[in-house]
Amino acid sequence: MTYGDTDTRRLRAPSARPRRRPRRKPAESREQILRAATREFVTHGFAGARVNRIVKKAGSNPRMIYHYFGSKSGLYIAVLEEALGGLRRRELQIDIEHLDPREGLLQLFDFMASYFENNRHLVRLLSAENLLKAKYMRKSARIPEMSSPVLDMIKQLIARGTKAGQLPRGLDGLRLYVLMVALSQFHLSNGHTLSTIFGRDLYASDWRTDRGADARRMLAAFLKA
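Remember, it's a predicted structure, so these values are computed and weren't measured experimentally.

What counts as what
Residues numbered from 1 in each chain as written. Predicted model: local features only at pLDDT ≥ 70, side-chain atom pairs only at ≥ 80, totals over all residues. Heavy atoms only, no water. Helix = DSSP H or I, 4+ residues; strand = E, 2+ residues; numbered from the N terminus. Buried < 20%, exposed > 50% of the residue type's maximum accessible area, 1.4 Å probe, protein only. Contact = heavy atoms within 4.5 Å. Areas by Shrake-Rupley, 256 points an atom, 1.4 Å probe, with all protein chains shown as cover. Core = buried A, V, L, I, M, F, W, Y, C linked by side-chain atoms within 4.5 Å.

A.B. asks: Describe the overall build of the protein chain, with residues and values.
C.D. replies: Within the protein chain, the secondary structure is distributed over 11 helices and 0 strands. Reading the protein chain from its N terminus to its C terminus gives the helix and strand order α-α-α-α-α-α-α-α-α-α-α. Counting the 225 residues in the protein chain, one finds 40% classified as buried. Counting contacts in the protein chain only where the partners sit at least 6 residues apart, residues at least 24 apart contribute 68% of the total. For the protein chain, the accessible area works out to roughly 14200 Å², and carbon and sulfur atoms hold 53% of it.

Here it is in structure tokens:
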């Protein structure tokens with residue numbers, strides 16, 4: 001071995017090992033997949049969604065999807081549950097115990113209208129699942145369970161308001177909730193078609209503000225004793 005060989009070996013920097021990516025906690029990995037899957041299903045629907053795009057955006061791999069969710073359909077159901085769960089959790093935070101029953105119902109409507117405005121992904125997911133005739137939602141045990149407390153809350157407000165003479169008699173909790181949903185998000189789920197039909201941008205902020213005020217006045221008049 002020559003001096004040059006020895007000198008070169010001494011001066012040569014040791015080969016750098018590739019840095020390992022920090023290992024995520026299971027909850028973080030699952031959350032990343034759910035977020036990426038939500039975007040994918042909202043954009044492409046169930047049939048058009050691709051697992052390879054989901055795992056790429058989540059920085060994960062297909063094995064983890066099957067580990068956490070069992071299948072693509074299991075992942076889709078989890079996305080539906082998470083999207084609806086956000087709405088339900090926030091609805092139940094409204095303090096109805098210290099509210100006038102009529103005002104409590106109107107506050108619930110205000111919340112719903114604002115939530116749908118700011119969470120268009122939920123509107124699109126529900127619209128897409130309706131086209132599938134709730135094929136996947138029917139497989140969820142969580143969704144009916146998380147909806148029951150909200151309906152009970154409305155029924156309590158109706159019972160108190162009717163007894164106090166503040167609300168009209170004959171109100172049905174489920175029909176009232178469906179009415180609120182219709183007034184809160186029909187213009188969002190059908191905005192593109194209605195805008196084309198009538199030549200007016202229904203997504204324009206001024207139009208949505210005026211429509212929201214109309215809807216609240218309609219509901220307030222409907223709830224008068």
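Next comes the rest of the description.
A.B. asks: Give a description of unusual backbone geometry that names residues and reports values.
C.D. replies: Excluding glycine, residues mostly carry a negative phi; peptide bonds, for their part, are mostly trans. Positive phi values are uncommon outside glycine, yet Lys133 reaches one of about 60°. Tracing the sequence through the fold places Lys133 in the loop between helix H7 (120–131) and helix H8 (142–163). At Ala134, a residue that is not glycine, the phi angle is positive and equals roughly 60°. Within the fold, Ala134 resides in the loop between H7 and H8. Taking the relative accessible area as the measure of exposure, Ala134 reaches 24% and is therefore partly exposed.

A.B. asks: Now, about the nonpolar core: what can you tell me, with residues and values included?
C.D. replies: With 59 residues, the main nonpolar core has Phe41 and Leu75 as its most contacted residues. The element that contributes the greatest number of residues to this core is helix H5 (residues 72–91), accounting for 9 residues.

A.B. asks: Lay out the environment of Ala113 with the relevant residues and their values.
C.D. replies: For Ala113, the location among the structural elements is in helix H6 (residues 101–118). Owing to a relative accessible area of 18%, Ala113 belongs among the buried residues under this scheme. Between the alpha carbons of Ala113 and Leu183 there is a distance of 7.8 Å; along the sequence they are 70 residues apart.

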